[in-house]
Amino acid sequence: MTIPQMLIFSILAITMGLFLWGRLRHDVIALAALLASVIAGLVPTDTAFAGFGHPAVITVACVLILSQGLQNTGAVDWLARSVLPREAGRLTGMLALMGLGAVLSGFMNNVGAMALLMPVAVQLSNRLDLTPGQVLMPLAFGTILGGMTTLIGTPPNLIVSGFRAEAGLGHFAIFDFAPVGAAVAVVGVIFVVFVGWRLVPARQSAAGESFDTGAYFTELRVPEKSKAVGLTLRAFEREIEDSDAQIVGLVRNEVRITAPHGGRRIRAGDILILEADVDTLAEALSVFGIELEEQKASSEDKDKDKTEEVTAQSESVEDTDEGEDESRARNDEIVLRELAILPGSTIVGRSANDMKLRTRYAINLLAVSRAGRAPRTRLRTLELKSGDLLLVQGASEAVSGFVNDTGCVPLGARDLRIPDTRMAIIAGAIMLGPIGIVALGLLPAAVAFALGVLASMVLRTVPLRQVYTAIDWPVIVLLAALIPVAGAMQSTGAADLLARFLVDTIAQGNAVVALGVVLITTMFLSDVMNNAATAAVLCPIALGISDTLGVNPDSFLMAVAIGASCAFLTPIGHQNNTLILGPGGFRFGDYWRLGLPLEALVVVVSLPLLLVVWPL
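All residue numbers refer to positions counted from 1 along the written sequence of the respective chain. With pLDDT at 70 or above as the cut-off, local features in this predicted model cover only qualifying residues; side-chain atom pairs require 80 or more to be listed or tallied, and sums for whole chains, interfaces and linings still use all residues. Neither water nor hydrogens contribute to the side-chain values; these are computed over all heavy atoms in the structure.

With that settled, consider the side chain of Thr149. Among the structural elements, Thr149 can be located in the loop between helix 7 (132–147) and helix 8 (155–166). Here a residue-residue contact requires only that any non-hydrogen atoms of the pair lie within 4.5 Å. Setting aside its immediate chain neighbours within four residues, Thr149 contacts Gly106, Ile174, Phe177, Ala178, Gly181, Ala182 and Ala185. Secondary structure elements are defined from DSSP: runs of H or I of at least 4 residues count as helices, runs of E of at least 2 residues count as strands, and each element is numbered from the N terminus.

Put into C-alpha cells, the structure is as follows:
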C-alpha cells in the first residue's frame, strides 16, 4: 500500500466516523475531508472545488428548484389526487407511490422520477400521519431499485454496457437488465412497503413544523364548469374531508344562509363560506377547480372603487400613483402573507371595502381567522378586530407597504399556495421537458434540468426570490465536497486495491464466491463513491476476474450493474439519497437502518438469479 492510499483510507475512515458521530453538520465534515485531501496532496488545488460544477451537483440543485415549482402551482396536489388512492391506508399508499416511482425510473432518469414524486411523497406523509422522511426514504430507494431494470434507467447500466462493448462482446440490450433487476426491484419494494419503512427514523424536516394559526374563514365562488355544481353540501365536504375543511355558510343571490342544510345542492355562482386551515386550503380549492371569491371580485370591483375615488382632486392624483403601483405589482412577485392585527392598528373597526385594499394597496384580503368564530357578514364588509389574522395576497412591496401603514405584524414566513391550473400545467410541462430530453439522450441531465430552471424563472412558476432558497445548500456542499474525495480513491488506486484485496483474499479461486464478492464490494464502494464512478472502477476488475477464472463475463458485469445501483447506506452514494437528506431531516447515519437489511436482501435475491439468468 502506497502512502497516498494510506492517507485517503485514513481520511475516509475519519470522515465516516464523524458522520456517524453526528455532532457536526454533514456539510462541515465533507468540507473538512476535502481540505484534508487537498493539504495531503491527494486532490490537486486547481480542481479542489470542481465538484461544485459536477453534473450530479447541478442536477440535484436544479431538481430541487423544479420541485418547488410543482408545489407552488398546485401541480403536486393534482398529481397526488390522480395517482394515489384517496382512501388508501399506509400500506396501499406507500405501495402505490413506490410502485409508480420504480416503474417511472425504469424508463426515465431515476433522479427525474424522484424529483417528480418527491413533493407528492411529502403530501402523502401528512395524509398518512407520518414524518416526511418516513415516506421520502422508501420513495428514494424505490426509484433506485426501479432504475436497475433497464439500460437507460441509471448511468451505471450504461457504463457497464459500454465496457462490455469495449471487450468485444457488444452492448447490452435495453431489457437485458430486466430479468434480475425487475425481480430485485419487486422484492425490494414489497419489503420496504410492509416492513422497511418502520425502520426509518421519524425525524422532522430541516424546515421544522409549521405553526398553528387556527382556522381561516374564506369565500369560494363556484364557477359554472366546476365539478361541485349539482353536489350536495354534504357530498362536497366528504370530498374535501382530508383537508379538515367545512362549510359554515352559503351566499346565493346576495343572500347569506348561515349553517345551510347538508342536503342543499350547490349551484353555479354560489359563494361558499369555508372554514379551513391555511395549510390545507389549497387542497380544498383544487379538488373542484373552484376559486377564491376575493380574487374573482378583484377585477370586477376595481373600476367601481376607482370611480368612487376620483370624486376629489387629491384622490385622482392618488389613483395615478396607484396605477403606477399596480403596473409595478404586475412585474413584482405575487406573495401570500399572514398578518396579525395589533390593538393599536389603524385598521381596527374598518373593513376591506372601507380601506379600499385593492385600489389603495393593490392587495386582496383572501381569508380571516378570528378565534374560531365564523363572520356573520361578507368578507369584504367584515369589520376587523384586534387579534384577527389576515391572509392577504399581492406584490411583496405592496404587502410591505400595507404592513408599514397599518401597524400590522407579519407572521413568520411559511410556504403558502393557492392552486393555479394554468401555472400548474406550465410547471408540469417544465418538469417533463427535461425528463423527456434526458430519456431521448438529446442532452445530459445537468444541462436539461438547467434549461428547465431557466424556463421556470422566465415563466415565474418559481418566483425569483425562491430560486435560491429552494436549494438545500448544505446538501449541495456535501455532495460537491465529497466528489473530489471519491475521485482521489480512484486516482490513488485505493478503490482498485480494495476490490482486488477482497476478491483475492476471500474468493480464492471460487467463481461463485468471487461473483458474490464483486457484488458486495461494488455495493460498498457505491455507498461511499459516486455510483457511476464505482461502475467505471469495478468493470475492468470484473472482466479481469472472469478472464482469470475462465467464466462468463456477463455474470460479473451484471453483478457490477446491480451493486452500483444499490447504494442505500449513505446519503452520498446516490443523488436520490442526497435529495431527501434535507427535506427528510435525516442525519448521515440514518440511512443504514433501512439500507443495510435492504442491501442484504438484494444480495440474497440477485446472486441466485445471476447464476440462473447469466450462468457461469
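Helix axes are fitted to C-alpha atoms over the stretch in contact, other axes to C-alpha atoms as well, and angles between N-to-C directions run from 0 to 180 degrees. Where helix 3 (residues 55–73) meets helix 18 (residues 445–459), the axes come as close as 8 Å, and the angle between the chain directions of the two elements is 30 degrees. Between helix 3 and helix 18, the angle is such that the two are roughly parallel. The way helix 3 lies across helix 18 gives a crossing that is left-handed. Packed against helix 3, whose contacting residues are Pro55, Ile58, Thr59, Cys62, Val63, Ile65 and Leu66, the element helix 18 presents Ala445, Ala446, Phe449, Ala450, Gly452, Val453 and Ser456 at the interface. Oblique is the label for any angle not covered by the other classes, which are roughly parallel (under 35 degrees), roughly antiparallel (over 145) and roughly perpendicular (65 to 115). Here a crossing is taken to be left-handed if its near helix is turned anticlockwise relative to the far helix by less than a right angle, and right-handed if that turn runs clockwise.

Next up on the list: the packing of aromatic side chains. Here the aromatic set is Phe, Tyr and Trp, taking the six-membered ring for Trp, and pairing holds for ring centres within 6.5 Å; pairs whose planes are under 30 degrees apart are stacked, those over 60 apart are edge-to-face, and all others are tilted. Summed over the entire model, instances satisfying the criterion amount to 6 aromatic pairs. Both rings, one in Tyr361 and one in Phe402, keep their centres 5.1 Å apart while their planes meet at 80 degrees; by these two values the pair is edge-to-face. Highlighted residues: Tyr361 in helix 15 (residues 357–361) and Phe402 in helix 16 (residues 396–406), separated in sequence by 41 residues. Burial classification: accessible surface area is computed with a 1.4 Å probe over protein chains only, and a residue below 20% of its type maximum counts as buried, one above 50% as exposed, and the rest as partly exposed. For Tyr361, a relative accessible area of 17% translates into the label buried. By relative accessible area, which is 1% here, Phe402 ends up buried. In this structure an aromatic cluster arises from ring pairing among Phe172, Phe177 and Trp614. If you follow Arg164 out to its NZ or CZ, it ends over the ring of Phe172, 4.6 Å from the centre. Ring-over charges, as used throughout, are those where CZ of Arg or NZ of Lys falls within 6 Å of the ring centre and within 35 degrees of the ring normal.

On to the nonpolar core, then. Put simply, a nonpolar core is a bunch of buried Ala, Val, Leu, Ile, Met, Phe, Trp, Tyr and Cys residues held in one set by side-chain atoms that sit within 4.5 Å of each other. Within the largest apolar cluster, 135 residues are counted, with the highest numbers of intra-cluster contacts made by Leu97, Phe141 and Ile580. Counting residues per element, this core draws most heavily on helix 20 (residues 473–491), at 11 residues. When sequence neighbours within four positions are dropped, the list of residues in contact with Leu97 reads Leu84, Leu117, Val120, Ala121, Leu124, Val135 and Leu139. Judged by nonpolar contacts, the second largest core, of 22 residues, contains Ile347, Ala352, Leu382 and Val403.

The subject of this paragraph is helix 18. With 15 residues, helix 18 ought to run about 21 Å at 1.5 Å a step, and its terminal C-alpha atoms sit 21 Å apart, in line with that. When helix 18 is considered as a whole, its buried residues turn out to be Ala445, Ala446, Ala448, Phe449, Gly452, Val453 and Ser456. Buried residues in helix 18, looked at end-on, bunch into an arc of 165 degrees, giving them a common side. Just downstream of helix 18 lies Arg460, where phi reads positive at about 65 degrees. Helices are assigned an expected span. That span is 1.5 Å times one less than the residue count. The directions from the helix axis to the C-beta atoms form the arc being described.

The next thing to look at is the packing of helix 8 against helix 24 (residues 553–565). The relative placement of two packed helices is expressed as an angle between their axes plus a distance between the axes. The interhelical angle for the contact between helix 8 and helix 24, taken along N-to-C directions, is 160 degrees, at an axis separation of 9 Å. When the interaxial angle is binned, helix 8 and helix 24 end up roughly antiparallel. Between helix 8 and helix 24 the crossing geometry is right-handed. Together, Pro156, Asn157, Val160 and Arg164 of helix 8 and Asp554, Leu557, Val560, Ala561, Ala564 and Ser565 of helix 24 make up the contact between the two elements. Note that Gly is not counted as nonpolar here; it falls among the polar residues with everything else outside the nonpolar set of Ala, Val, Leu, Ile, Met, Phe, Trp, Tyr, Cys and Pro and the charged set of Asp, Glu, Lys and Arg. Taken together, the residues of the contact of helix 8 with helix 24 break down into 6 nonpolar, 2 polar and 2 charged.

Time to look at unusual backbone geometry. Even without being glycine, Lys356 reaches a positive phi, approximately 50 degrees. Relative to the elements of secondary structure, Lys356 occurs in the loop between helix 14 (352–355) and helix 15. Judged by its relative accessible area of 18%, Lys356 is buried. In this model, Arg460 sits at a positive phi of 65 degrees, which is unusual for a non-glycine residue. Relative to the helices and strands, Arg460 is located in the loop between helix 18 and helix 19 (464–467). With relative accessibility at 36%, the residue Arg460 sits in the partly exposed group.

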